[in-house]
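# Fold and geometry: a report
Here is how the chains run, residue by residue.
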Amino acid sequence: MEISNSEMVEHAETLQETEPSCSILLAGLGGAGGNIIKAFANRLPQGVRTCALNTDAKALEACGEVERVLFGKKITRGMGTGGSVDTALQVVEDERPQLDKLLGGVDLVISFTGLGGGAGTALLDGLASAAVRADVAHLAFAIQPFTFEGKARAEVAETFLGKVRNKVHGLVALPNDLILQLGDEDLSAEDAFAEANRWIIQAVRSICLMIQTAGLINQDLQSLLATLNERGGRTLFAVGGGAGTSSVADLLQSLIDCPLLEVADGKLRCDQLLVQITGGKRLGLAKVNQIISRLGDYFECREDIRFGASIDAQMEDAIDITLIGKIDLRTRVHAPSDDTGTLNLGVLDHQEPAPKGANEPTRPDRPVYTSKLSRKERKEGTQQEEFEFLSAEAQRGLFEKTERNLYQGEDLDVPTFLRKGIQIKA
Amino acid sequence: MSNRKILGAVEIGTSKIAVLVGELDEDDMLNIIGHGVCSSSGIRKGAIFQLKDVSDCVQNAIITAEQSAGVSLSEVFLAQTGAHLQGRFLKGGANVSAADRVIRHGDIERAQKDAKSFSLEGGRVYVNHIRNPFLVDGQTVEEPLGRIGSRIEACYWSVDASQRVLSDQMRVINGIDINVRDVILSSSASAAAVTSEVEKDTGCLVIDIGGGTTDFVLYHSGYIVRTGVIPVGGDHLTNDLSMGLRLARRLAEDFKLRHGHAIARKEDRAHRAWAVGDRSVGDRECSLYAARKIIEERLRETFFFIQNELGDFLQSRGIGAGVVLTGGTANLPGIADLAEKCFNAPARTGRPPQGVKSSLAGPEYSTCVGLLTYAIGADEAEGQETEAPRFLRKIRSLFNL
């Protein structure tokens, strides 16, 4: 972690001479996003743009030396939205061109948002749509509100999480409640947030390094995109690490213990996996090999596993591991095509948001009644996806609330045909 | 009257709780004089989920059985299944102590003690030690007593259970003021009821597919050499159907019974079946092929797991007499054909022996009936070690009602 900025810059610069580097934008949306961007200061390789977006001029001011974009001067006069999503959505809608401009020439945008409030929530939605329009890869870190912040905020967060999921390539949801689990009772709020930011920083830093520098075993933006596959689905994210002398098992444990990795219980299977290992000069290939194969086993991902390894002289004996995985939910709504008309912005794209109806924009636009005729037509045309199960828990039916029936890493309570992906035409 | 012995057998299964009362008369003939069956609630996948519900069901079943037999039970034999069971092969040895190298009782006992001395981790207890042939100087020997050799080894296939699960079941039965005389592995009990001596000697695989679990036993040369439990049963078929066809659970169960078949055939593609059958509101047609494909995949997988568990045993020794399927799911048409395909060996459905009254003749009762036959053995041996092959030879002739 403790890498001086200047040396990092050197490293990045030598590379920039030889090949055109890919352009990465880190966007902090809203208040919480701004705080994270601020924490990044001086800890990033060069060539990474940082930018804070907010509707509150005061908060933006506090973000320090980054690119700043103030939204909604007309509507809020730079005084924030007061936590109202509706106002914020209106602002974002008004200033769509500004978002598009921001993404010009960018290859990958990584955004940070605290969900549940006004600006951040709406900006994430807007940015995600803009990224779809500009065909920019988008990895979003979304922080979910504390439970004690009340049900209203949680609901807003939940709704937008679902909405954004299908528009971004990767979505890492981080429940703020996890922070409460950190450290001791007397851990100060500042330290707790700093600790949480530390994971995000390590994760983002290693992504940037992976993409921008040539590694021992090289991975680039394309590998990241291939791992994230298409928009939608569930993203796994974890960082871990340790001293070079620590055993492979310890390293893996640190990775699995990482709170960013939201593993409900038992094992998780993932469809694609990307592992990036950064170590000092003494990083052994045998160790890399062991780590990768053990991770592949752990996540039961043997077919589609990409890994990169890079040497960072500053790391000396330490090893950092970053893991990005993707679970293709069967329910995945296919990535919206280039003409983003209907799916992306839902209701918002077509009509002015009603100023009073608080729930209006979040309601799915579903027809009130589908005639039997239209249903018939659909049957003959494209093949329907037959299952729409959202969570792993919902796949267990009768056994929903019982202990997991794990047998050689598979949950036997989940129907065989689902686990094996056998098409059943009901 | 004084010679009359009353034996009770209880099986706490995922879908039903069955209690049988048997009577041994003066001529050592076993009569089943009463039975009680109660459909279970509070049990999932062979493990107790709601103690209170299960307790009520067991009490019901026992009272029904007692009433129909006109006797009261004071102790019962209990069948045991569930994913918490674990089998392992134990082997212990002793050097023959006598100078003339003749094996005596003491040597055998020491070898047996040594084998059983393998200590389990905390929270687990042994359920059954199933004796396998002795080895004298590495040679398989049925009866080592009096043989000459320098080292004798005793082998067991031992099954241990989670103490917590076991004591839950014990508590249910003890709560009705009945003692549990012994706990017996469901799979070996079913196997005792559905296989013949010849089959066991030739080697056969008994698969008992119940509501929540699948138990299996592999016989070789008359001995049980492997047992195991796969935590999948008929309920999983129902659940798969209910999710695959999007039917309510009750309808799915009904659909399974009416239209279920273990193999999806090409001609099924043309057929559709009504979900409810009475064409009431909400009734709809489901693809027969889809339903059967769902069942086939689940069963294939289960059979595959069994093959996996048996591992090299299956290849090296084979199952000469084939596969015997029993338990409630063995009623599913076509399941024997599927097993034949999967195990590449002849397969049949096994039912309790001839002579058992018709209400107990279905494969779902084989565990309970088998339990009684085991119970007689235990009663005869009285404190001695249960030697399955010997007493079972006797049992076969006993089975006439």
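Everything below is about the structure printed above this text.
Tallying secondary structure elements over chain A gives 17 helices and twelve strands in all. For chain A, buried positions account for 41% of its 426 residues. Looking at chain A alone, contacts between residues at least 24 apart form 75% of all its contacts between residues at least 6 apart.

Our next topic: unusual backbone geometry. All names here are of chain B. A positive phi is found at D137, a non-glycine position, where the angle reads about 50°. With respect to the helices and strands, the residue D137 is situated in the loop between β8 (124–136) and β9 (139–141). If you check the backbone angles, S221 has positive phi at about 45° while not being a glycine. Considering the arrangement of structural elements, one finds S221 in the loop between β13 (214–220) and β14 (223–230). Judged by local crowding, S221 falls into the partly exposed class, with 15 C-beta atoms found within 10 Å.

As a further point, take the pairing of strand β12 (residues 204–209) of chain B. Along any regular strand the residues' side chains alternate between the sheet's two faces. All names here are of chain B. A large share of β12 lies buried, amounting to six of its six residues. Here β12 shows two buried faces, one formed by C204, V206 and D208 and the other by L205, I207 and I209. When β12 meets β13, the two strands line up antiparallel, connected through six bridges. Paired with L205 across the bridge in β13 is L218.

This part covers the sheet that holds strand β11 (residues 179–185) of chain B. All names here are of chain B. Taken in spatial order, the five strands line up as β3-β2-β1-β6-β11 in an open sheet, and their pairing is mixed. Lying at the two open borders of the sheet, with one neighbouring strand each, are β3 (30–39) and β11. Adjacent strand axes in the sheet meet at a mean angle of 20° when their direction is disregarded. Summarising the sheet, strand β1 (residues 5–12) and strand β6 (residues 75–80) pair through three bridges and their orientation is parallel.

Our focus in this paragraph is the interface of chain A and chain B. Contacts between the two partners involve 15 residues from chain A, matched on the other side by 23 residues from chain B. Looking at the side of chain A that touches chain B residue by residue, the class counts come to nine nonpolar, four polar and two charged.

So, about the sheet that holds strand β10 (residues 151–162) of chain B. All names here are of chain B. The antiparallel open sheet is built from four strands, whose spatial order is β7-β10-β8-β9. Sheet topology places β7 (86–95) and β9 at the edges, where each strand pairs with a single neighbour. Between one strand axis and the next, the sheet turns by 40° as a mean value, whatever way the strands run. Pairing analysis gives ten bridges linking β7 to β10, with the strands arranged antiparallel. Along β10, the bridge assignment pairs N95 with R151. Strand contacts of helix α3 (residues 163–174): β8 and β10, with the helix running at about 70° to β10, the strand carrying the most contacts.

Let us look at the pairing of strand β17 (residues 323–326) of chain B. All names here are of chain B. Both faces of β17 are covered, namely the face carrying V323 and L325 and the face carrying V324 and T326. Pairing of β12 with β17 involves four bridges; the strand directions are parallel. When the sheet's bridge partners are listed, L205 is paired in β17 with V323. Here β17 runs beside strand β18 (residues 347–349); their pairing, made up of three bridges, is parallel. Within β18, the position partnered with V324 by the bridge is R348.

Residues and elements named next belong to chain B. The terminal C-alpha atoms of α3 lie 15 Å apart, and with twelve residues this matches the ideal 16 Å at 1.5 Å per residue to within 8%. When α3 is considered as a whole, its buried residues turn out to be L166, Q169, V172 and I173. Here the buried residues of α3 occupy an arc of 120° about the axis, which is enough to place them on one side. When the buried face of α3 is taken as reference, the exposed residues oriented beyond 90 degrees from it are R164 and N174.

Rules behind the numbers
Along each chain, residues carry numbers from 1 onward, in the same order as the chain's sequence is written. Labels follow written order: the first chain is A, the first ligand is 1, and so on. Residue-level local features of this predicted model are given only where pLDDT is at least 70; pairs of side-chain atoms are given and counted only at 80 or more, and the full residue set underlies all totals for whole chains, interfaces and linings. Helix numbering and strand numbering both begin at the N terminus, where a helix is a DSSP run of H or I of at least 4 residues and a strand a DSSP run of E of at least 2. Field definition: a residue is buried when 20 or more other C-beta atoms are found within 10 Å of its C-beta, exposed when 12 or fewer are, and partly exposed for counts in between, with C-beta atoms placed from the backbone. Contact between two residues is assigned whenever their backbone-derived C-beta positions fall within 7 Å. DSSP-based pairing: two strands are paired if at least 2 bridges between them are found. Helix axes use the C-alpha atoms of the stretch in contact, all axes being lines fitted to C-alpha atoms, and the angles between their N-to-C directions lie in the range 0 to 180 degrees. Asp, Glu, Lys and Arg are counted as charged, while Ala, Val, Leu, Ile, Met, Phe, Trp, Tyr, Cys and Pro are counted as nonpolar; the rest, among them Gly, fall into the polar class. Take the residue count of a helix, subtract one, and multiply by 1.5 Å to get its expected span. Starting at the helix axis, one direction is taken to each C-beta atom, and the arc is that of these directions.

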